[in-house]
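Listed here are the chains, written in short residue letters.
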Amino acid sequence: MPTKATKRNARVKPGQREEETLRVLISHQRIRERVRHMAQEIRRDFPNEPVHLVGVLKGSVLFLADLARELGGEVSFDFISVSSYGKGMDSTGEVKMNKDLDVSIEGRSVLVVEDILDTGLTLKYLLRLFEERKPKHLRVAVLLDKVERRIADVKADYTGFVIPNEFVVGYGLDYDERYRNLPDVCVVRLGPRGKTKIEA
Ligand code: IMP
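Cut-offs applied
- Residues numbered from 1 in each chain as written.
- Predicted model: local features only at pLDDT ≥ 70, side-chain atom pairs only at ≥ 80, totals over all residues.
- Heavy atoms only, no water.
- Core = buried A, V, L, I, M, F, W, Y, C linked by side-chain atoms within 4.5 Å.
- Buried < 20%, exposed > 50% of the residue type's maximum accessible area, 1.4 Å probe, protein only.
- Contact = heavy atoms within 4.5 Å.
- Helix = DSSP H or I, 4+ residues; strand = E, 2+ residues; numbered from the N terminus.
- Near = heavy atom within 4 Å.
- Polar contact = N/O pair within 3.5 Å; in protein donor to acceptor, adjacent residues only side chain to side chain.
- Areas by Shrake-Rupley, 256 points an atom, 1.4 Å probe, with all protein chains shown as cover.
- Nonpolar A, V, L, I, M, F, W, Y, C, P; charged D, E, K, R; others polar.
- Pairing = 2+ DSSP bridges.
- Axes fitted to C-alpha atoms, helices over the stretch in contact; angles between N-to-C directions.
- Parallel < 35°, antiparallel > 145°, perpendicular 65-115°, else oblique.
- Left-handed = near helix turned anticlockwise from the far one by under 90°.

### Quick notes on the nonpolar core
The tendency in soluble globular proteins is for nonpolar side chains to be buried as a group. Counting 28 residues, the largest nonpolar core has Phe63, Leu67, Leu111, Leu143 and Leu144 as the members making the most contacts within it. Ignoring anything within four residues of it in the chain, the contact list for phenylalanine 63 reads Val35, Met38, Val113, Glu114, Ala141, Val142, Leu143 and Tyr171. Residues Ile80, Val110, Phe130 and Val154 belong to the second largest nonpolar core, which totals 19 residues.

### Points about the environment of leucine 144
Inspection of the secondary structure puts leucine 144 in strand E6 (residues 137-145). Residues leucine 144 and phenylalanine 161, spaced 17 residues apart in sequence, show a C-alpha to C-alpha distance of 4.9 Å.

### Here's the deal with the side chain of glutamate 166
Mapping glutamate 166 onto the fold places it in the loop between strand E7 (158-162) and strand E8 (168-169). Setting aside chain neighbours within four positions, we find glutamate 166 in contact with Arg23, Lys146, Val187 and Arg189.

### Digging into unusual backbone geometry
With an omega of -5°, the peptide bond running from leucine 57 to lysine 58 counts as cis. By the secondary structure assignment, lysine 58 is in the loop between strand E2 (51-57) and helix H3 (61-71). Residue tyrosine 171 is not a glycine yet carries a positive backbone phi of 50°. Looking at the secondary structure, you find tyrosine 171 in the loop between E8 and strand E9 (185-190). The class for tyrosine 171 is buried, based on a relative accessible area of 3%.

### Examining the site of the ligand
Residues in contact with the ligand amount to 16 residues; listed here are only the nearest, Asp115, Thr119, Gly120, Thr122 and Val168. Between the ligand and lysine 146, the relevant distance is 2.9 Å, taken from an oxygen atom to a side-chain nitrogen or oxygen of the residue. One of the backbone N or O atoms of valine 168 is found 2.6 Å from a nitrogen atom in the ligand. Against a free-state accessible area of 490 Å², the protein chains account for coverage of 91% of the ligand. Of all the secondary-structure elements, those providing two or more residues to the shell around the ligand are strand E3 (75-85), strand E5 (109-117) and helix H4 (121-131). The element contributing the most residues to the shell around the ligand is E5, with 3 residues. Broken down by class, the residue content of the shell around the ligand amounts to 6 nonpolar, 4 polar and 6 charged.

### Some thoughts on the environment of valine 103
Considering the arrangement of structural elements, one finds valine 103 in the loop between strand E4 (91-99) and E5. Taking relative accessible area as the criterion, valine 103 reaches 42% and is therefore assigned partly exposed. Spatially, the C-alpha atom of valine 103 lies 9.6 Å from that of phenylalanine 79, the residues being 24 residues apart in sequence. With residues up to four places along the chain from it excluded, the contact list for valine 103 reads His52, Asp78 and Arg108.

### With respect to the pairing of E9
Pairing analysis gives 6 bridges linking strand E1 (residues 20-26) to E9, with the strands arranged antiparallel. Within E9, the residue paired with threonine 21 across the bridge is arginine 189. Here 2 bridges tie E8 to E9, and the two strands are oriented antiparallel to one another. Note that in E9 the partner of valine 168 across the bridge is valine 187.

### Focus: the packing of helix H2 (residues 28-45) against H3
H3 packs onto H2 with a crossing angle of 50° between their chain directions and a minimal axis gap of 9 Å. Classified by the angle between their axes, H2 and H3 sit oblique to one another. For the crossing formed where H2 meets H3, the hand is right-handed. Where H2 approaches H3, its residues His28, Val35, Arg36, Met38, Ala39, Ile42 and Arg43 are matched on the opposing element by Phe63, Asp66, Leu67, Glu70 and Leu71. Here the contact of H2 with H3 is built from residues that sort into 7 nonpolar, 1 polar and 4 charged.

The following block contains the structure:
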């Protein structure tokens, strides 16, 4: 017989702390459909060309994996790691390179794959860096766009969802390295201890 405590725990997401509230903003089903359509748009623009995906670690990993499978045709991947966020929800405003690409992008059709566009400072830094390396094409796909928060003058070529100014986790996005494995994108809020709830 499940006790009250086990029933309550069954609704707690993996990694969830007592003081955190999660609310599903975009379900995995909606994400899958949108990613499929984005892949179709991208393939329409690059019908017979190899597409070189550049994932921005670590948040883009799940999005890149799904997008790559939906794209079909010739696809290769590489990854870069930069940080603009410290621990928690606050941006430091600075972008720092942690790991560069493994291979040259010169002459290639490059698609930068980002989890989320927030201030846009990370993307601005990356586009400047990559443009100097002379790719044949340089495009950007982002899953989520917090348009309201933009500081840098950058835009994605392919956008999954425009979202409000809320801190989100799941489908690759983290809060202190937790929640990346959630299938849905959820809003996380800090509440009083012991008041944990999950709203579907
Ligand atoms: P930007 O440079 O401000 O556009 O920030 C981009 C990076 O900040 C993203 O690649 C994420 O790693 C992180 N970020 C921004 N907003 C969120 C959020 O709501 N949840 C988790 N990470 C975020």
